[in-house]
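# Secondary and tertiary structure notes
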Amino acid sequence: MPLPAWAASMVKNGGLGLVALTYVGVDYLRHLTPSWHARLQPALWVILILASLTRFLKYPHWNSEIRSAIPFIASMLFLLSAFLFEVLSVRFVTAVLGIGWHRATSPLPDTGQWLLLALNEKLPHVVVEVLRARIISLHHYLMLFVMLAFSVLFNSVKAPGLGLGARYMFTMAVGRLLRVVSFVSTILPAVRPWCVSARYRLPSHPHPWAQKYYVPYASDAGAISELVQRDMANADVGDYIKDYRPDWGSMSFLINFLRPTRTDGSWYSLLKRASGGCNDLLYSGHMLVAVLTAMAWTEAYGGWTSAILWMLVIHSAQREIRERNHYSVDCVVAIYVAILLWKMTGFIWSPKDTSLIRKLAKYEKIHSQLNRAIKDSDMDEVMKLLKEVESAGQQRQSFTEQSIQIFAYITIVFTISIVILAFIVTSDG
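Now for a description of the structure that goes with this document.

Parameters at a glance
Going along each chain's sequence as written, the residues are numbered from 1 onward. pLDDT decides what is reported in this predicted model: residues at 70 or higher carry local features, side-chain atom pairs at 80 or more are listed and counted, and totals for whole chains, interfaces and linings draw on all residues regardless. Side-chain measures were taken over the full set of non-hydrogen atoms in the model, leaving aside hydrogen atoms and water. For helices the rule is a DSSP run of H or I covering at least 4 residues; for strands it is a run of E covering at least 2, with both sets numbered from the N terminus onward. Exposure classes here rest on a 1.4 Å probe applied to the protein chains alone. A residue is buried below 20% of its type maximum, exposed above 50%, and partly exposed in between. Whether two residues are in contact is decided by their heavy atoms, any of which lying within 4.5 Å being enough. Methods summary: accessible areas were calculated by the Shrake-Rupley approach with a probe of 1.4 Å, and residue burial reflects only the protein chains presented. Count a disulfide wherever a pair of cysteine sulfur atoms falls within 2.5 Å. Put simply, a nonpolar core is a bunch of buried Ala, Val, Leu, Ile, Met, Phe, Trp, Tyr and Cys residues held in one set by side-chain atoms that sit within 4.5 Å of each other. By convention in these notes, a salt bridge is any Lys or Arg side-chain nitrogen within 4 Å of a carboxyl oxygen on Asp or Glu. Angles shown run from 0 to 180 degrees and are taken between the N-to-C directions of axes, each axis being a line fitted to C-alpha atoms and, for helices, limited to the stretch in contact. For this classification, under 35 degrees means roughly parallel, over 145 means roughly antiparallel, 65 to 115 means roughly perpendicular, and everything else is oblique. Side-chain classes follow a simple rule in which Ala, Val, Leu, Ile, Met, Phe, Trp, Tyr, Cys and Pro form the nonpolar group, Asp, Glu, Lys and Arg form the charged group, and the remainder, Gly included, forms the polar group. Residues qualify for a patch when their relative accessible area is over 30% and they have no salt bridge, like charges being joined within 9 Å and the nonpolar side chains of Val, Leu, Ile, Met, Phe, Trp and Tyr within 5 Å. As defined here, a cavity is a set of points on a 1 Å grid over the protein atoms alone where a 1.4 Å probe fits but cannot get out. A pocket is an open set with protein on both sides within 12 Å along at least five of seven lines, and residues line them when an atom is within 4 Å of a point. Grid points are joined across faces, edges and corners, and a volume is the space filled by probe spheres set on the points.

Looking only at helices and strands, one finds 19 helices and 0 strands in the protein. Counting all 429 residues of the protein, 44% fall into the buried class. Considering only contacts within the protein whose residues lie at least 6 apart along the sequence, 80% involve residues at least 24 apart. Accessible surface computed for the protein: about 23,300 Å², of which carbon and sulfur atoms make up 65%.

In total, this model carries 1 disulfide according to the counting rule given. Paired by a disulfide, Cys-195 and Cys-278 hold their sulfur atoms 2.0 Å apart. On the sign convention where negative is left-handed, the bridge of Cys-195 and Cys-278, at about -65° about the S-S bond, is left-handed. Placement of the pair is Cys-195 in helix 9 (residues 195-199) and Cys-278 in the loop between helix 13 (267-272) and helix 14 (285-300), with a sequence separation of 83 residues.

Let's shift gears to the nonpolar core. If you look at the biggest cluster of nonpolar residues, it comprises 72 residues, and the most contacted ones within it are Tyr-141, Leu-144, Met-147, Leu-148, Val-157, Tyr-168 and Trp-297. Residue contacts for Tyr-168: discarding those within four places in its chain leaves Tyr-141, Leu-142, Phe-145, Val-289, Leu-292, Thr-293 and Trp-342. Within the second largest apolar cluster, 17 residues are counted, among which are Phe-92, Val-93, Phe-183 and Ala-210.

Attention shifts here to the pattern of salt bridges. Evaluated as defined, the whole model comprises 11 salt bridges. With its nearest N and O atoms 2.7 Å apart, the salt bridge here joins Arg-30 to Asp-27. Highlighted residues: Arg-30 and Asp-27, both in helix 1 (residues 5-32), separated by 3 residues, approximately one helical turn. Look at Asp-27 and you get buried, because its relative accessible area is 1%. One salt bridge in this structure joins Arg-167 and Glu-299, with 2.7 Å as the shortest N-O distance. Placement of Arg-167 in helix 8 (residues 161-185) and of Glu-299 in helix 14 is noted, with a sequence separation of 132 residues between them. On the basis of relative accessible area, Glu-299 is assigned to the partly exposed category, the value being 25%. If you follow the salt bridges from partner to partner, you end up with Glu-86, Arg-176 and Arg-179 in one network.

A few words now on the packing of helix 5 (residues 111-122) against helix 15 (residues 304-322). How two helices sit against one another is set out by the angle between their axes and by the gap between those axes. Following both chains from N to C, one finds helix 5 and helix 15 inclined at 100°, their axes separated by 9 Å at the closest point. When the axes of helix 5 and helix 15 are compared, the pair comes out roughly perpendicular. Seen from helix 5, the contacting residues are Gly-112, Gln-113, Leu-116 and Asn-120; seen from helix 15, they are Gln-318, Ile-321 and Arg-322. The residue makeup of the contact of helix 5 with helix 15, split by class, is 2 nonpolar, 4 polar and 1 charged.

A surface patch of nonpolar side chains, about 310 Å² in accessible area, is lined by Val-46, Ile-49, Leu-50 and Leu-53. Inspection of the secondary structure puts Val-46 in helix 2 (residues 34-56).

In total, this model carries 1 cavity of 30 Å³ or more according to the counting rule given. Put simply, the largest cavity is a space of about 60 Å³. Along the walls of the largest cavity sit Ala-20, Leu-21, Val-24, Leu-144, Trp-297, Thr-305, Leu-309 and Leu-312, which together make up its complete lining. Of all the secondary-structure elements, those providing two or more residues to the lining of the largest cavity are helix 1 and helix 15. Across the lining of the largest cavity, the residue classes break down as 7 nonpolar, 1 polar and no charged.

Note that every value here comes from positions in space, so none of it alone points to a role or purpose.
What follows is the structure, given as structure tokens:
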């Protein structure tokens, strides 16, 4: 059953933005009135799910969604692989220098942090409290994108929604891999020096690699000068302190990267307990998610809510710096990397109307025939040619009604499950 004209107009021209801001506002009630939050948030979830369920069987673009299913699944597997590689890399850069290095190494100077502290002294107290407020977090950005993708059911965003999801996940995966390359290349000290002691069980001494290639040259200017001249590790480090090496069978190669202790158990149980890193990870994963969501929203939906969303992204960036989750450079780099990556992946999904492009291409082909038919006053031929132009902009119905219904049910169950899982396992970024 189609929506009334007024309702369809509201959804297409601002209703989605209102729903998104309502979701963020209701969730912020957890900090103001937890009792109201406990009532309103489940009710809002139920309304959103029911609204989607009432529309998905009557959705007219299932053919496009089926064609996008394989890129969507491939992008999801690519993203999961990127997350696994990131988990291994986070553990490596945290463990390689040992817990003693983390305790002894001071954070780097950060002019962005200084600026925010100076503003705290200059700005009105109410403004500072707004800047400190935890208005929007990682799971909010994920939920806003889910709303955006599901809004194809209400014709707010160009179909296919799975195509938009594929582009989002593919771009995210590339961004996570580039992030791993960045923070593995140069290990930076934590912004929160106490983090490792509270979150990790690690050997106190550096890995033998670091004992040979880093420790002798960490502060001795003479040793560094000789290293530069000879371009060879030449310091005598004596006998290396040995690491504990459990029997992990064919996965024993991971020991050098994960550096387990005697209480860690198997490699699988160690990775299951993985969480965000403690030393600084350039660039910010939280900001990558935030900016990709804002880019997708701006390109696919636009409108006044895009401006508000970008303001929330900037608010998130200054909070990441203010709360010492990241250095300023991490947020700055994440913003421009995410923007550039999103611009480069338009081949997966684009808001442009491809049907119009196909119509124009067909018109170019039959242009001379159409002119000839008009000159001959052959209206039947004119109508036939115009129908060909119109049909060129339409996708062929290449799937049966039954297969479409089965795919629709599978898609709705699968995507809702993935959304819930994503909120659970990505709570720490």
